[in-house]
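The chain contents come next:
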Amino acid sequence: KLCAIYERAKGGTYHHALHTAGELREQGNMKFKSVEYADAIRLYSRALQQDRTDYRSFSNRGLCYLKLGQAARARRDFENCIKLAPMFTKAHVRLALTADALREPADVCLKLIATARKVAKENNTHDFDAQLDRCERAVRHRTGTTTTRTTSAPTTTTSTNSSSSSSSSSR
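**Looking at the environment of isoleucine 82**
With respect to the helices and strands, the residue isoleucine 82 is situated in helix H6 (residues 71-84). Residues isoleucine 82 and leucine 95, 13 residues apart in the sequence, show an inter-C-alpha distance of 9.2 Å. For isoleucine 82, the residues in contact, after removing those within four places along its chain, are Ala91, His92 and Leu95.

Printed below as a string of structure tokens:
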């Protein structure tokens with residue numbers, strides 16, 4: 001009863017205070033699907049207040065930040081997610097995309113892309129191949145860098161020609 005009185009005094013409800021981190025994350029997912037990124041961020045943040053080990057809330061909140069053009073905040077969330085769940089492929093992919101959005105140097109971006117590919121391969125998923133290919137092409141185009149697509153750290157060279165070379169499709 002005291003919790004209910006306290007929550008009503010703050011303008012909330014007792015039931016509202018009982019949501020678990022997982023429930024709050026799911027509510028955030030609904031807001032994300034409705035393209036209500038700021039509301040989703042608030043829900044993911046509340047989930048993280050309850051459970052700082054909820055790596056999925058870090059990843060999802062980071063994606064919202066990225067959608068809102070707040071790439072530096074997104075990067076921090078993806079890095080926190082990876083610390084908690086080093087084999088979570090989505091976070092690695094999203095971190096690589098964020099590095100490109102932040103216009104980080106080619107070697108940094110390409111290393112993150114290679115790491116994302118390696119984690120995806122270890123998790124036996126190719127769901128992100130096209131997304132990583134687009135990111136890699138964008139980085140090469142932006143920086144004038146050519147690379148051979150590998151699952152390990154790429155070899156890079158600076159090209160005087162701004163056209164990009166084709167990627168090897170072998171994995």
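**What about the pattern of salt bridges?**
Evaluated as defined, the whole model comprises 11 salt bridges. The residue aspartate 77 makes a salt bridge to arginine 61 at a minimum N-O spacing of 2.7 Å. Of this pair, aspartate 77 sits in helix H6 while arginine 61 is found in helix H5 (residues 55-67), placing the two residues 16 residues apart along the sequence. Accessibility expressed as a relative area gives 3% for aspartate 77, which makes it buried. With its nearest N and O atoms 2.8 Å apart, the salt bridge here joins glutamate 79 to arginine 75. Taken as a pair, glutamate 79 and arginine 75 lie in helix H6 at a separation of 4 residues, close to a single helical turn. According to the relative accessible area criterion, glutamate 79 is partly exposed, its value standing at 30%.

**Points about the confidence of the model for the chain**
Segments scoring low in pLDDT should not have their predicted coordinates read at a detailed level. Looking at the chain, the pLDDT average stands at 84 and 75% of residues meet or exceed 70. A low-confidence stretch, residues 13-17 stays under pLDDT 50, and its non-local contacts, those more than four residues away or across chains, total 7 contacts. Taken as a whole, residues 152-171 scores under 50 in pLDDT and shows 33 contacts with residues more than four places along the chain or in a different chain.

Conventions we followed
Residues numbered from 1 in each chain as written. Predicted model: local features only at pLDDT ≥ 70, side-chain atom pairs only at ≥ 80, totals over all residues. Heavy atoms only, no water. Helix = DSSP H or I, 4+ residues; strand = E, 2+ residues; numbered from the N terminus. Contact = heavy atoms within 4.5 Å. Salt bridge = Lys/Arg side-chain N within 4 Å of Asp/Glu carboxyl O. Buried < 20%, exposed > 50% of the residue type's maximum accessible area, 1.4 Å probe, protein only. pLDDT = per-residue confidence, 0-100.

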